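Structural overview
Here is how the chains run, residue by residue.
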Amino acid sequence: MWFLPATLPLLPLLLLLGQTPPNRPQSLGTMKLRLVGPSSKPEEGRLEVLHQGQWGTVCDDDFALQEATVACRQLGFEGALTWAHSAKYGSGEGPIWLDNVHCVGTESSLDQCRSNGWGVSDCTHSEDVGVVCHPQRQRGYISERVSNALGPQDRRLEEVRLKPILASAKRQSPVTEGAVEVKYEGHWRQVCDQGWTRNNSRVVCGMLGFPSEAPVDSHYYRKVWDSKMKDPNSRLKSLTKKNSFWIHRVNCLGTEPHMANCQLQVAPAQGKLRPACPGGMHAVVSCVAGPRFRPPKAKPGRKESRAEEMKVRLRSGAQVGEGRVEVLLNRQWGTVCDHGWNLISASVVCRQLGFGSAREALFGAQLGQALGPIHLSEVRCRGYERTLSDCPSLEGSQNGCQHDNDAAVRCNIPNMGFQDQVRLAGGRSPEEGVVEVQVEVNGVQRWGAVCSDHWGLSEAMVACRQLGLGFASHAIKDTWYWQGTPGAREVVMSGVRCSGTELALQQCQRHGPVHCSHGTGRFSAGVSCTDSAPDLVMNAQLVQETAYLEDRPLSLLYCAHEENCLSQSADRMDWPYGHRRLLRFSSQIHNLGRADFRPKMGRHSWIWHQCHRHYHSIEVFTHYDLLTLNGSKVAEGHKASFCLEDTDCPRGMQKRYACANFGEQGVTVGCWDTYRHDIDCQWVDITDVSPGDYIFQVVVNPKFEVAESDFSNNMMRCRCKYDGQRVWLHNCHTANMQLDTQVLLSTPNHCELRLSKQRAF
């Protein structure tokens with residue numbers, strides 16, 4: 001290929017010579033790139049370009065590091081490490097779209113580089129070029145989605161479903177067994193069973209939200225099929241003669257997140273003259289539901305017995321099956337760095353947790369940051385692993401990962417039909433209103449209201465999640481200003497008590513016969529939902545570093561005594577003579593969520609305290625308790641929230657809340673509020689406590705007045721010991737309450753400092 005000097009007018013000269021000008025690829029709005037090949041690493045592979053709905057390759061002629069750098073940046077990586085010629089990652093199929101690509105290296109996409117034009121090439125697929133990108137993602141590249149990684153069929157293959165055949169399968173929810181149907185170009189087709197494998201079933205089950213597949217009784221289904229084919233009046237018999245009824249052949253490896261990534265043959269290679277599924281029948285798949293999606297009486301199989309040993313969890317997700325990935329190592333939860341994070345590794349996490357395959361692998365702490373260790377980085381799963389710990393990986397500290405690199409995932413989950421059994425009515429927006437549920441009353445399905453007795457944040461969280469609306473920002477007991485649906489205002493559910501982990505209100509504990517002390521009308525339960533929420537997490541290391549004992553004179557404790565920050569024995573002392581022994585510490589509360597933390601009440605409702613001369617925006621913000629190892633309380637304290645503000649923020653982020661001059665109170669996303677050890681009530685009064693091992697417990701906002709995306713990280717614990725004169729604290733960390741209780745009871749020679757917290761509106 002020859003080039004003219006840049007100063008000459010290229011287009012007129014080419015027209016004068018009777019040649020057409022070189023084409024350029026389409027703009028980025030319609031052009032996509034992908035890397036394909038046998039490697040499980042997302043940053044390397046054969047470079048392919050999507051043009052006119054078809055994927056094609058790029059020839060290696062004149063391809064060099066500049067071109068590879070542009071391609072890698074367009075794919076979301078920081079740059080290129082090298083390129084590979086001569087089809088190192090295998091020969092592609094279809095057209096060779098680009099040849100003689102020339103980039104300066106500063107272009108943002110390949111469509112800005114020069115080339116021969118679309119499809120103009122003298123290469124063969126033995127010259128397909130590959131690239132190796134830097135594994136670090138660009139800042140702002142937020143996720144790898146299934147929709148961005150579809151195969152040559154592009155988006156023509158839209159959905160997959162199971163059509164139940166057996167009567168028992170039709171009664172199940174979710175449907176776990178049936179004939180595979182694929183929505184292709186807007187029409188549902190069945191899949192021929194010839195060449196169907198367990199790997200194909202695994203991909204289908206993963207798309208439908210199931211972690212694994214099970215064998216099917218193919219002989220029985222064959223008998224059913226043959227009986228229908230012998231029936232001259234069978235509509236199925238006539239349909240099977242049409243090629244448009246079938247997907248001819250599917251071949252999956254079993255690790256694909258979507259069937260469109262598998263080799264897919266819609267019709268026979270010889271064309272429409274040959275039937276698509278001669279002598280075959282529809283493929284039948286049986287899936288195994290995860291523990292959360294089984295009927296209550298279903299017993300876990302041998303494969304699921306390992307669920308008790310789960311060492312991975314999702315946190316801060318607005319929906320079921322999504323969240324920041326955290327793993328348990330050395331009895332401490334930590335995050336996974338997004339370096340090398342992809343759909344294959346994310347799918348291993350999803351299946352381990354009892355969900356299907358991953359539909360999105362998220363980077364850059366898109367679902368919130370955590371505090372504490374970063375356990376893993378460069379996770380390289382092949383897709384067949386049972387658990388994330390089976391995958392090769394590096395320690396998170398080895399490559400400079402920070403918590404703004406925390407990886408997250410969104411998993412496929414089964415369709416349980418719960419979203420059709422709840423609705424909101426009367427609100428100003430679709431995210432708020434009176435909660436109406438569908439339940440069975442005297443054998444008939446009826447819509448009605450929920451009694452607001454005992455209605456709280458946990459129940460509202462379940463309702464919002466069931467609606468697909470994320471988190472609850474308010475649990476509303478008085479809904480007189482919202483008109484419910486006519487004919488659905490009678491209370492059909494009362495006494496609702498949820499743990500907060502249920503998939504639907506119908507799974508929560510509730511009264512048998514409905515009993516609502518307030519009756520119907522204005523006291524029906526309501527919610528206000530949001531797709532983002534704050535998440536307060538205590539800095540455990542600061543507690544460990546700042547804890548100490550102080551013998552403080554009573555003469556300096558009058559205000560603290562007035563606000564009930566001392567033990568009851570202080571009432572019987574000869575004031576102002578004597579002192580109280582205080583266990584003091586600093587607390588630093590980070591807002592790691594995706595919304596600002598604000599007090600529930602506005603400034604007009606704050607309470608003025610004359611002694612300390614400040615307002616309390618939350619009257620009881622924290623409880624501090626010292627407990628024995630069996631949970632008996634031996635000392636207590638509490639602290640009101642006299643000031644919620646941004647004590648400090650990361651560099652480049654501006655503080656929004658300050659208490660000075662009766663200012664607005666709150667904690668901005670990413671910022672933190674610090675209560676120093678030397679302010680009143682930042683202690684537990686241990687004057688009457690004997691030496692020994694204890695649990696020091698701190699509960700923030702114990703009345704559940706703050707809505708957060710994650711309630712599980714509201715606990716902090718330290719190992720501690722008190723000998724009557726000194727106190728020792730070590731191994732302070734935020735952790736799971738149930739797990740740490742087991743750890744605590746298994747080590748009776750130590751005590752722990754425990755901190756829990758809740759949310760505010």
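For the structure given in this document, a descriptive report is provided here. (Residues numbered from 1 in each chain as written. Predicted model: local features only at pLDDT ≥ 70, side-chain atom pairs only at ≥ 80, totals over all residues. Heavy atoms only, no water.)

Take empty space enclosed by the protein next. Rolled over the atoms, a probe as big as a water molecule pinpoints where empty space is left. Under the definition given, this model contains 3 cavities of 30 Å³ or more. By volume, the largest cavity amounts to about 80 Å³. Taken together, 12 residues make up the lining of the largest cavity; nearest its centre are Leu583, Leu626, Tyr694, Tyr722 and Val727. Top element by residues in the lining of the largest cavity is strand S40 (residues 716–722). It accounts for 3 residues. Classifying every residue of the lining of the largest cavity gives 10 nonpolar, 1 polar and 1 charged. (1 Å grid on protein atoms, 1.4 Å probe; cavity = no way out; pocket = protein on both sides within 12 Å on 5 of 7 lines; lining within 4 Å. Points joined across faces, edges and corners; volume = space filled by probe spheres on them. Helix = DSSP H or I, 4+ residues; strand = E, 2+ residues; numbered from the N terminus. Nonpolar A, V, L, I, M, F, W, Y, C, P; charged D, E, K, R; others polar.)

To continue, consider the nonpolar core. Formed by 57 residues in total, the largest nonpolar core has its most connected members in Val180, Trp196, Val250, Met259, Val336, Trp341 and Leu388. When residues of this core are sorted by domain, at least three fall in each of domain 2 (147–288) and domain 3 (311–412). With residues near it in sequence (within four places) discarded, valine 250 still touches Val191, Gly195, Trp196, Asn200, Met259, Cys262, Gln263 and Leu264. Counting 30 residues, the second-largest nonpolar core is a separate cluster that includes Leu583, Ile618, Leu626 and Ile686. (Core = buried A, V, L, I, M, F, W, Y, C linked by side-chain atoms within 4.5 Å. Buried < 20%, exposed > 50% of the residue type's maximum accessible area, 1.4 Å probe, protein only. Domains from an automatic or database assignment. Contact = heavy atoms within 4.5 Å.)

To continue, consider helix H8 (residues 457–467). In terms of residue burial, H8 counts as a mostly covered element, since 10 of its 11 residues are buried. Looking at H8, one finds that the buried residues are Leu457, Glu459, Ala460, Met461, Val462, Ala463, Cys464, Arg465, Gln466 and Leu467. Those residues of H8 hidden inside the fold are in contact with strand S23 (422–426), strand S26 (471–476) and strand S28 (526–530). Phi turns positive one or two residues past the end of H8, at glycine 468, with a value near 75°.

Taken as a whole, this structure holds 28 salt bridges when the rule is applied. Note that arginine 315 and aspartate 710 form a salt bridge whose closest N and O atoms lie 3.8 Å from each other. Here arginine 315, found in strand S16 (residues 312–315), pairs with aspartate 710, found in the loop between strand S39 (695–700) and S40; they are 395 residues apart in sequence, far enough to count as distant. A salt bridge links glutamate 322 to arginine 410, with the nearest nitrogen and oxygen atoms 3.1 Å apart. You can see glutamate 322 sitting in strand S17 (residues 322–329) and its partner arginine 410 sitting in strand S22 (residues 408–411), a full 88 residues away along the chain. For glutamate 322, a relative accessible area of 8% puts it in the buried group. (Salt bridge = Lys/Arg side-chain N within 4 Å of Asp/Glu carboxyl O.)

If you walk through the whole model with that rule in mind, you get 16 disulfides. For cysteine 72, the disulfide goes to cysteine 133, at an S-S distance of 2.0 Å. Between cysteine 72 and cysteine 133, the disulfide has an S-S torsion of -85° and is therefore left-handed. Here cysteine 72 is found in helix H2 (residues 65–74), whereas its partner cysteine 133 is found in strand S6 (residues 130–133), with 61 residues between them in sequence. In terms of burial, cysteine 72 and cysteine 133 fall into one category: buried. (Disulfide = S-S within 2.5 Å.)

So, about the sheet that holds strand S31 (residues 579–584). If you walk across this open sheet you meet the 3 strands as S30-S31-S38, and the pairing is antiparallel. Here the strands that pair on one side only, and so sit at the sheet edges, are strand S30 (548–553) and strand S38 (683–685). Strand after strand, the sheet turns through a mean of 35° between neighbouring axes, direction not considered. Pairing analysis gives 6 bridges linking S30 to S31, with the strands arranged antiparallel. Bridging across to S31, arginine 552 finds its partner in arginine 580. (Pairing = 2+ DSSP bridges. Axes fitted to C-alpha atoms, helices over the stretch in contact; angles between N-to-C directions.)

With that settled, the discussion passes to the packing of aromatic side chains. Scanning the model with the defined rule gives 10 aromatic pairs in all. Judged by centre distance (5.6 Å) and plane angle (90°), the ring pair of tryptophan 606 and phenylalanine 662 falls under edge-to-face. Taken together, the residues span a long stretch of sequence, with tryptophan 606 in the loop between strand S32 (587–591) and strand S33 (607–609) and phenylalanine 662 in the loop between strand S36 (633–641) and strand S37 (672–675) at a distance of 56 residues. In this structure phenylalanine 662 comes out as partly exposed when scored by relative accessible area, which is 35%. Members of the aromatic cluster, joined through ring pairs, are Trp225, Phe245 and Trp246. Residue placement shows arginine 161 over the ring face of tryptophan 188; its charged tip is 3.8 Å from the ring centre. Here arginine 423 stacks its cationic end above the ring of tryptophan 447, 4.1 Å away from the centre of that ring. (Phe/Tyr/Trp six-rings, centres within 6.5 Å; stacked < 30°, edge-to-face > 60°. Lys NZ or Arg CZ within 6 Å of the ring centre and 35° of its normal.)

Here serine 347 lies in helix H7 (residues 343–352). Judged by relative accessible area, serine 347 falls into the buried class, the value being 6%. When near neighbours in sequence (up to four residues on either side) are disregarded, serine 347 contacts Gly356, Ser357 and Ala358.

For the rest of this paragraph, the subject is H2. When you tally the buried positions in H2, you get 7 out of 10 residues, the bulk of the element. Residues of H2 that are buried in the fold lie against strand S1 (32–36), strand S2 (44–51), strand S4 (80–84) and S6. A positive phi of about 100° marks glycine 76, the residue just after H2.

In this section: the side chain of glutamate 107. Positionally, glutamate 107 belongs in the loop between strand S5 (96–98) and S6. It is arginine 73 that comes nearest to the buried, bridge-free glutamate 107 among opposite-charge side chains, at 7.2 Å. Among the polar contacts made by the side chain of glutamate 107, one reaches the main-chain amide nitrogen of valine 104 at a distance of 2.8 Å. Among the polar contacts made by the side chain of glutamate 107, one reaches the main-chain amide nitrogen of glycine 105 at a distance of 2.9 Å. Once you skip the residues sitting within four places of it in the chain, glutamate 107 turns out to touch Val70, Gln112 and Cys113. (Lys, Arg positive; Asp, Glu negative; His and termini not counted. Polar contact = N/O pair within 3.5 Å; in protein donor to acceptor, adjacent residues only side chain to side chain.)

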